[in-house]
Amino acid sequence: MPPRPASAEKPSGATKTVATKSGGTKTVAAKQRAERKLFSDAEILDGFFKTAFGAEFHLAGRVDRIRRYDGPVRVAITGVARRDRTTQLGRVIADIATHVANLDIALAEPGAEAQVTVTLVRDRNLYPAIAKSYGVERAREIRSSLDPQCLSGFRKNERYEIQHSDVLLTVDNGDFVFLDCAYEELLQSLGPINDTDSVPWTMFNDDVQMGFFDVYDQYILNILYHPLIKPGMTVAEVKAVLPQVLPEVRAFVAKLNGLRQE
């Protein structure tokens, strides 16, 4: 990945507990069975505002505006050639596409332009990859501030439309850690870049490990990509359209997950 201008980059990283490869699927299934699925409007909006505004590691530029893609998103996978990880990533991307109503996201065709680049690296090569992308000094800051096991960041234009995202994932820490990182960093690369430790139901909390696209975060992404939520909107502007947005998002997420509506 070529270095990105510091004025346009918003990196976010996650530190994950290492899980064994053999236990990955079982761990995800157990977490899905225990997942909380019913939330009040206040709980949903608390997480949305805390993750869609702000930035976990703020390099430059204003972060008090909505940042998101405003068009189709295609994802390219590069780096370490691991067929199992590439297959898992394809499933993660398809799952995100299914669960976010107004987001057109898919794997990029070979040689086609991609808005998101996912680079697979071995764990021992993560920090050299961060330094290559962000520069040595920024890499030191990221390491001391975040100490991540995976990382995502994006650059935006003056209209707060995300132009390109870069995601770094390690391939050799087991299935659960890989899936947990893949979901979190891919979703954060779409806009909700700010991690928070005050919302216990979101994967954007570094103390929370999921390994799947949970219901709570489906709410966050569906609000962000609702047609009435535009790049560059302020908190006040978002609040003005929420009476129309939230019922539509609730209906979509409820139908897709077989939930009763409150």
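Chemist: I'm lost on the overall build of the protein in this one. Help?
Modeler: Each helix and strand in the protein was counted, giving eight helices and six strands. Traced from its N-terminal end to its C-terminal end, the protein shows the element sequence β-α-α-β-α-β-β-α-α-β-β-α-α-α. Among the 262 residues that make up the protein, the fraction classed as buried is 56%. Of all intrachain contacts in the protein linking residues separated by at least 6 positions in sequence, the fraction that spans at least 24 positions is 76%.

Chemist: Looking at this structure, how should I read the state of the cysteines?
Modeler: For the coordinates displayed, the defined rule picks out one disulfide. What pairs with C150 in a disulfide is C181, and their sulfur atoms sit 2.2 Å apart. Between C150 and C181 the sulfur-sulfur dihedral comes to about -70°; the bridge is accordingly left-handed. Linking C150 in strand β5 (residues 150-156) with C181 in helix α6 (residues 175-188), this pair joins segments that are 31 residues apart in sequence. By relative accessible area, which is 0% here, C150 ends up buried.

Chemist: Looking at this model, I keep getting lost on helix α2 (residues 41-52). Mind explaining?
Modeler: One turn of an α-helix holds 3.6 residues; hence residues three or four places apart share an orientation. For α2, spanning twelve residues, the distance from its first C-alpha to its last is 16 Å, which sits close to the expected 16 Å at 1.5 Å a residue. Those residues of α2 that fall on the buried side of the exposure criterion are E43, I44, L45, G47, F48, F49, T51 and A52. Along its buried surface, α2 packs onto α7 (215-224) and α8 (235-257).

Chemist: Honestly, the environment of M233 in this entry has me stumped. Any pointers?
Modeler: As for its placement among the helices and strands, M233 is situated in the loop between α7 and α8. Residues M233 and Y160 lie 73 residues apart in sequence; the distance between their C-alpha atoms is 8.7 Å. Ignoring anything within four residues of it in the chain, the contact list for M233 reads F53, D64, R65, I66, L228, V238 and V241.

Chemist: Before we go on, may I ask you to explain the environment of S165 in this structure?
Modeler: Secondary-structure assignment places S165 in strand β6 (residues 162-170). When residues no more than four places from it in sequence are discounted, the contact partners of S165 are Y69, Q115, V116, T117, G153, F154 and S189. Of note is the side chain of S165, whose polar atom sits 2.8 Å from the side chain of Y69.

Chemist: Looking at this structure, I do not really get the packing of aromatic side chains. What am I missing?
Modeler: Any two aromatic rings considered together are summarised by their centre-to-centre distance and by the angle between their planes. Within the structure shown, the criterion is met by six aromatic pairs. Relative to Y216, the ring of F39 lies with its centre 4.9 Å away and its plane at 65°, an arrangement referred to as edge-to-face. Here the residue F39 occupies a position in the loop between α1 (24-34) and α2, and Y216 occupies one in helix α7, the gap between them amounting to 177 residues. A single burial state applies to F39 and to Y216, both of which are buried. With a relative accessible area of 1%, Y216 lands in the buried category. Feature note: the residues F39, W201 and Y216 constitute an aromatic cluster, connected by ring pairs. In this structure, R85 packs its charged tip against the face of F178, placed 4.6 Å from the ring centre. Above the face of the F49 ring, K239 is positioned so that its terminal group lies 5.7 Å from the ring centre.

Chemist: So what exactly am I meant to see when it comes to the packing of α2 against α8 here?
Modeler: Axis angle and axis distance: for two packed helices, these are the angle between their axes and the distance between the axes, and together they describe the pair. Closest axis-to-axis distance for the α2/α8 pair is 12 Å, and the angle between their directions is 130°. On the basis of their axis angle, the class for α2 and α8 is oblique. In this structure, α2 crosses over α8, and the sense of that crossing is right-handed. Contacts between α2 and α8 involve D41, I44, L45, F48 and F49 from the first element and V235, V238, K239, L242, L246 and R250 from the second. Classifying every residue of the contact of α2 with α8 by side-chain character gives eight nonpolar, no polar and three charged.

Rules behind the numbers
- Residues numbered from 1 in each chain as written.
- Predicted model: local features only at pLDDT ≥ 70, side-chain atom pairs only at ≥ 80, totals over all residues.
- Heavy atoms only, no water.
- Helix = DSSP H or I, 4+ residues; strand = E, 2+ residues; numbered from the N terminus.
- Buried < 20%, exposed > 50% of the residue type's maximum accessible area, 1.4 Å probe, protein only.
- Contact = heavy atoms within 4.5 Å.
- Disulfide = S-S within 2.5 Å.
- Expected span 1.5 Å × (residues − 1).
- Polar contact = N/O pair within 3.5 Å; in protein donor to acceptor, adjacent residues only side chain to side chain.
- Phe/Tyr/Trp six-rings, centres within 6.5 Å; stacked < 30°, edge-to-face > 60°.
- Lys NZ or Arg CZ within 6 Å of the ring centre and 35° of its normal.
- Axes fitted to C-alpha atoms, helices over the stretch in contact; angles between N-to-C directions.
- Parallel < 35°, antiparallel > 145°, perpendicular 65-115°, else oblique.
- Left-handed = near helix turned anticlockwise from the far one by under 90°.
- Nonpolar A, V, L, I, M, F, W, Y, C, P; charged D, E, K, R; others polar.

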